[in-house]
Amino acid sequence: MVTTLPYGSWPSPLTADLLATGGTRLGSPRLVGREVWWTEGIATEGGRQAIVRTAGPVALPPAGGAEGPPAPSVPADRVTVLPAPFNARSRVHEYGGSSWGVVPAPGPDGQGPLVVFVNFADQRVHALREGEQPRPLTPAGPEVESAHGPSLRWADPTVITLADGTTEVWWVCEDHTGGEEGPRPDADGAPHIERSIVAVPLDGSAAEDPAALRRITPASRFIAHPRLSPDGTHLAWISWEHPQMPWDGTELHVAPLLDGSAGEGEIIAGGTDVSVLQPEWLDDERLLYLSDVTGWWNPWTWSSADGARQVLEREEEFAGPMWALGTTWYQVLDADRALVQHGRAATSLSVLRISTGELAPLDCPLTEVGGMQRREDGLLVLAGASPTAFGAIHLAELRLEEEIAQADPSADPSDAAPAAASTGGAPAAGRAPSAAPSLSPLTLLRSSRDDAPDPGLLPEAESIEVPLADGGVVHAIVHRPRQEGLAGREGELPPFIAQVHGGPTAHVPPVLSLPVAYYTSRGLGVVVVNYGGSSGYGRAYRDRLKGQWGVVDVADTVAVMEHLVAEGIADGERLAIEGGSAGGWTTLACLTRTDAFAAGVSSFGVAELEQFRLDTHDFESRYIDGLVGPYPERRDLYVERAPLSHVDELEVPVLLLQGDEDRIVPPSQSEAFRDALAAKGIPHAYLLFEGEQHGFRKAETIVTAIESSLSFYGQVLGFSPACVPVLALERN
């Protein structure tokens, strides 16, 4: 039996408490010996990021036949390695990235491996063995006012064993101190900041003596992906300078390593308008890397003898925007094969044969992969999600061609499904067809939701392309209201919320989202808009936003909403919009520059640009050069595009959500917009959350933000949400 209720007023067991405390933020998994390690965000402990591991080895069962392997053996328990209150989280670039690593050698008394991590509070590198208290490895930097926190920061550790057998860890070091010259401004007036690869000794000598640190590379404004060749003679890394972002243009360096340090070396790929990412050595002479020189991030190789060669050309992305240091998109399996992610918006897994450009697709249900690693015995650990499964860490067995043949010697390799040949080349002459690599069904290791709700409460994702007048399209994902047993009243269309992602160089993949289900299970529709400028659809789609931020994103979002209304999917009088960070900018711009929406929620959104470029952090301080134009030459656009400049055109209520420790979009942005709303007498609310940064991590914050948003929408869009406190709106 179906019960009819007004859209938006459906009772739902998906509560804000469930969203805040029932889920776990999982970091990319790693294989450490026979165990699997990863990080978990603990909302009930202030959102700290803990390092955890399986409570024992993860084993593959004895090899089966051609019918496929049985599932890996997974220990039932897990162990928290990093004790409270320590928090493994880096502030390099403010977004951080990889913040921990493991030196596998056991301790002198047989203790477990040595764990190195960046502690969020002081940003110092610490080390511990399980059961011990962490000890610092790096010094506390001097106080520098412009750093707004610790002046020395570390990220993306790489464990290195030198020729003499010494083990050390190389880190990306972000230095706000100015070195011997001290803190000072650069020519553009911004604080001088240097980043380089630095060796940190494991004996703790650098904790009190900075001279014990050794710089490996020359300083750059930004640096990433240090990779030492297998023979230890050459180092590869990427760098970029203002005003580029890593998806705009980077340079790939290769330099000889002499006396433990590298010089300037040679720039072998990339530039100001070509993005090169993730170099990895195939052997002592050859590098594999990803470049978008052809318009898509595709794999390339380089050697000093042969130069650069494109492995295959495919209109798919094999990488994405590097917002966090340490992000990787493939793993080298041997000198001629790599496990790769690729696709458009959604992700597929394949084994790439580098000599021929052949892709052998793997049968994997995930549409987003956040990290993966294969062990020598074939165990694969990977994190990801799909339209029907929440984010989780999974295990599987990945068998390569020769392993399949060994498991079933009677099989005729030519009977196996051939690898899918790409446009990158034909099979090598004389090479017989081989069995295709195979992936076993996934075994769940750890889910971000141990309390997955009834499937009848979850939305169904529908990917759409909305045509534009210029012949292009906008990509979006539609989630209609859905709860089994409930329906809207006859003749009523549902309210719809447009969700616009941050970045803006980012995208939302087609995966299951409980925050979306929170709305849809109550009778509200949600459409996720991957507007022009989003990643996942090639460089040309990303570049649609160049110089057009506040124009293209706004027009694309409105086009999607108009499409939903024209198709009879959404109520055109009850459309709302929400987004955070750059998505907050698009939210405020849509509200002030169009009449498409009846309400909007901005979370730590950008409201104006002139002060923002001075207040924001170094990583994004010149991002706006490409999104809008150089300053002060195009100051007119900075003023014209700003939502704050158009509050006089705004007529609808706004909810502003903000963390008081946000260094990326400081509270001044939300507060300036709040003051403008009050001056005009527009109904609004401003919620400032203590101890929160760019994105909310504390359980109590998440609950308040979610329930306040629902109450706000109910008051403005004309429905009565069940069981949430009423948000007070102000006019002055």
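Scoring rules and cut-offs
Throughout this document, residue positions are counted from 1 along each chain, in the order its sequence is written. For a predicted model such as this one, the threshold for reporting local features is a pLDDT of at least 70, and the threshold for listing and counting side-chain atom pairs is 80 or more; totals across whole chains, interfaces and linings nevertheless cover every residue. Water and hydrogen atoms were dropped before computing side-chain values, which therefore reflect all heavy atoms in the structure. Only strands joined by at least two bridges in the DSSP assignment are considered to pair. Where helices and strands are cited, they refer to DSSP runs of H or I of at least four residues and of E of at least two residues respectively, numbered from the N terminus. Only the contacting stretch of a helix is used when fitting its axis, a line to C-alpha atoms as for every element, and angles between N-to-C directions run 0 to 180 degrees. Contacts between residues were defined by any pair of non-hydrogen atoms, one from each residue, lying within 4.5 Å. Pairing of N or O atoms within 3.5 Å defines a polar contact, subject to two protein rules: one partner must be a possible hydrogen donor and the other a possible acceptor, and residues neighboring in sequence count only if both atoms are side-chain atoms. We place a 1 Å grid over just the protein atoms. Points where a 1.4 Å probe fits but has no way out form a cavity, open points with protein on both sides within 12 Å along at least 5 of 7 lines form a pocket, and any residue with an atom within 4 Å of a point lines it. Grid points are joined across faces, edges and corners, and a volume is the space filled by probe spheres set on the points. Under the scheme applied here, ten amino acids are nonpolar (Ala, Val, Leu, Ile, Met, Phe, Trp, Tyr, Cys and Pro), four are charged (Asp, Glu, Lys and Arg), and all others, including Gly, are polar. Within this document, salt bridges are pairs made up of a side-chain nitrogen of Lys or Arg and a carboxyl oxygen of Asp or Glu, the two lying within 4 Å of each other. Relative accessibility under 20% of the residue-type maximum defines a buried residue, over 50% an exposed one, and the middle range a partly exposed one, all with a 1.4 Å probe and only protein chains included.

### Describing the sheet that holds strand β34 (residues 473-479)
- Strand order in the open sheet formed by eight strands is β33-β34-β37-β36-β38-β39-β40-β41, and the pairing between neighbours is mixed. Strand pairing shows two members of the sheet lacking a second neighbour, β33 (461-467) and β41 (684-689), which therefore form its edges. Across the sheet, the mean angle from the axis of one strand to that of its neighbour is 20°, orientation sign disregarded.
- Here β33 runs beside β34; their pairing, made up of seven bridges, is antiparallel. Following the sheet pairing, Val466 is matched in β34 by Val474.
- Packing of helix α6 (residues 582-593) onto the sheet brings it into contact with β36 (496-500), β38 (575-580), β39 (599-603) and β40 (654-659), and relative to β38 it is tilted by some 150°.

### Remarks on the environment of Arg480
- Relative to the helices and strands, Arg480 resides in the loop between β34 and β35 (486-487).
- Taking the C-alpha atoms as reference, Arg480 lies 54 Å from Arg184; in sequence the two are 296 residues apart.
- Among all residues touching Arg480, those that are not within four sequence positions of it are Pro459, Glu462, Phe496, Thr520 and Ile569.
- At 3.5 Å, the side chain of Arg480 forms a polar contact with the side chain of Glu462.

### Here we look at the layout of surface pockets
- Looking at the second largest pocket, its volume works out to about 560 Å³.
- Ala190, Pro191, Arg613, Leu614 and Thr616 are the residues nearest the centre of the second largest pocket, which is lined by 32 residues in total.
- Of all the secondary-structure elements, those providing two or more residues to the lining of the second largest pocket are α7 (610-615) and α8 (623-627).
- Per-element accounting of the lining of the second largest pocket gives the leading share, three residues, to α7.
- Looking at side-chain class alone, the lining of the second largest pocket contains ten nonpolar, eight polar and 14 charged residues.

### Focus: the pattern of salt bridges
- Applying the stated criterion to the full structure yields 47 salt bridges.
- The residue Glu40 makes a salt bridge to Arg446 at a minimum N-O spacing of 2.6 Å. Of the two residues, Glu40 sits in strand β4 (residues 35-42) while Arg446 sits in strand β32 (residues 443-447), which places them 406 residues apart along the sequence.
- Since its relative accessible area comes to 7%, Glu40 is described here as buried.
- The exposure class assigned to Arg446 is buried, which follows from its relative accessible area of 6%.
- Overlapping salt bridges, with partners in common, bring together Arg91, Glu94, Arg153, Glu174, Asp186, Arg195, Arg221 and Asp618 in one network.

### Quick look at unusual backbone geometry
- The omega torsion of the bond from His242 to Pro243 falls at 5°, within 30 degrees of zero and hence cis.
- Structurally, the position occupied by Pro243 is in the loop between β16 (234-240) and β17 (251-258).
- Look at the link from Gly503 to Pro504: it is a cis peptide, with omega at 5°.
- On the secondary structure map, Pro504 appears in the loop between β36 and α3 (514-520).

### Some thoughts on empty space enclosed by the protein
- Considering all chains together, one arrives at two cavities of 30 Å³ or more under this definition.
- Taken as a whole, the largest cavity spans an internal volume of roughly 140 Å³.
- Along the walls of the largest cavity sit 13 residues, with Trp247, Asp248, Thr505, Lys546 and Leu627 positioned nearest its centre.
- Of all the elements in the fold, those that place two or more residues in the lining of the largest cavity are α4 (539-543) and α8.
- Partitioned by chemical class, the residues of the lining of the largest cavity number five nonpolar, three polar and five charged.
- What lines the second largest cavity is a set of 13 residues, among which Gly503, Trp549, Phe612, Glu620 and Tyr623 lie closest to the centre.
- For the lining of the second largest cavity, the element with the highest residue contribution is α8, accounting for three residues.
- Of the residues that constitute the lining of the second largest cavity, the class distribution is ten nonpolar, two polar and one charged.

Keep in mind these numbers describe shape, not what the thing actually does.
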